[in-house]
Amino acid sequence: DGEAVHCIALSSEGVYAPRPPPPGQEVSPHLGRPNMKLFVAGRATPRIWVFNVCKGTFGSDLKPACTIHVPEPPPAQAEGDAEAQPRPPAVQQLHVRGTNDGIWVVALMFDRTVRAYL
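Definitions and cut-offs
- Residues numbered from 1 in each chain as written.
- Predicted model: local features only at pLDDT ≥ 70, side-chain atom pairs only at ≥ 80, totals over all residues.
- Heavy atoms only, no water.
- Pairing = 2+ DSSP bridges.
- Helix = DSSP H or I, 4+ residues; strand = E, 2+ residues; numbered from the N terminus.
- Axes fitted to C-alpha atoms, helices over the stretch in contact; angles between N-to-C directions.
- Buried < 20%, exposed > 50% of the residue type's maximum accessible area, 1.4 Å probe, protein only.
- Contact = heavy atoms within 4.5 Å.
- Polar contact = N/O pair within 3.5 Å; in protein donor to acceptor, adjacent residues only side chain to side chain.
- Core = buried A, V, L, I, M, F, W, Y, C linked by side-chain atoms within 4.5 Å.
- Salt bridge = Lys/Arg side-chain N within 4 Å of Asp/Glu carboxyl O.

**Description of the pairing of strand 6 (residues 102-109)**
Sheet topology places strand 5 (residues 91-99) next to strand 6; 8 bridges connect them, and they run antiparallel. In the sheet register, Gly98 faces strand 6, and the bridge partner there is Ile103. The hairpin formed by strand 5 and strand 6 contains 2 residues between the paired strands, and Asp101 there has a positive phi angle of roughly 60°. Alignment of strand 6 against strand 7 (residues 114-117), held across 4 bridges, turns out to be antiparallel. Residue pairing for strand 7: Leu108 is matched across the bridge by Val114. Here strand 6 hands over to strand 7 after 4 residues, with Arg112 in that stretch at a positive phi of 70°.

**As for the sheet that holds strand 7**
Pairing in this open sheet of 3 strands is antiparallel, and the strands run 5-6-7 from one edge to the other. At either end of the open sheet lies a strand with only one pairing partner, and these are strand 5 and strand 7. The sheet shows a mean angle of 15° between the axes of neighbouring strands, direction not considered.

**Considering the environment of Lys37**
Following the sequence through the fold, Lys37 ends up in strand 2 (residues 36-42). On the basis of relative accessibility, which here comes to 15%, the residue Lys37 falls in the buried class. Once the C-alpha coordinates of Lys37 and Leu62 are considered, the two residues, 25 residues apart in sequence, prove to be 9.0 Å apart. In this structure, Lys37 is in contact with Ala9, Leu10, Ser11, Val50, Phe51, Asn52, Val53 and Ile103, ignoring residues within four places of it in sequence.

**Here's the deal with the environment of His6**
Tracing the backbone shows His6 in strand 1 (residues 5-11). Along the chain, His6 and Gln93 lie 87 residues apart, while their C-alpha atoms are 8.4 Å from each other. Not counting the four nearest positions on each side in its chain, His6 is found in contact with Ala41, Gly42, Arg43, Pro89, Val91 and Gln92. A distance of 3.3 Å separates polar atoms of two side chains, one belonging to His6 and the other to Arg43.

**Section: the nonpolar core**
The biggest cluster of nonpolar side chains holds 17 residues, and the ones touching the most others in it are Phe39, Ile48, Ile68, Val70, Val91, Leu94 and Val105. Every element with two or more residues in this core is listed here: strand 1, strand 2, strand 3 (47-56), strand 5 and strand 6. The leading source of residues in this core is strand 6, at 4 residues. Among residues more than four places away in sequence, those in contact with Phe39 are Cys7, Ile8, Ala9, Ser11, Ile48, Trp49, Val50, Leu94, Val96, Ile103 and Val105.

**Quick word on the pattern of salt bridges**
In the structure shown here, the tally under the stated rule is 2 salt bridges. For Glu13, the salt bridge identified is with Arg97, shortest N-O distance 3.1 Å. Of this pair, Glu13 sits in the loop between strand 1 and strand 2 while Arg97 is found in strand 5, placing the two residues 84 residues apart along the sequence. For Arg87, the salt bridge identified is with Glu72, shortest N-O distance 2.9 Å. Highlighted residues: Arg87 in the loop between strand 4 (59-69) and strand 5 and Glu72 in the loop between strand 4 and strand 5, separated in sequence by 15 residues. Assessed through its relative accessible area of 37%, Arg87 is described here as partly exposed. Taking relative accessible area as the criterion, Glu72 reaches 47% and is therefore assigned partly exposed.

Here's what the structure looks like:
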């Protein structure tokens, strides 16, 4: 709510294996394609939000899918009489890549480490 966006990424590449139908139910000939995913990292909160991009009445709708919790940067410390520097965003860069049964989320963190989530 009202947080500035720092990084954003889209993925439509995820491929998910069809699940077998419940006993007594026929296999549907129409297998729907998975929704496009939108990944958003904000400036203040140490999270990556994941949304499904769905067709809406007048365009696209975003529906929350999940949240990835990432490490929080340490608080900024004042040096001398200078004002304290603002805390850097937890996620500096964000990249996503679809794969079989999932989507890789690769994040460059505030401390120059790289974290990968599946």
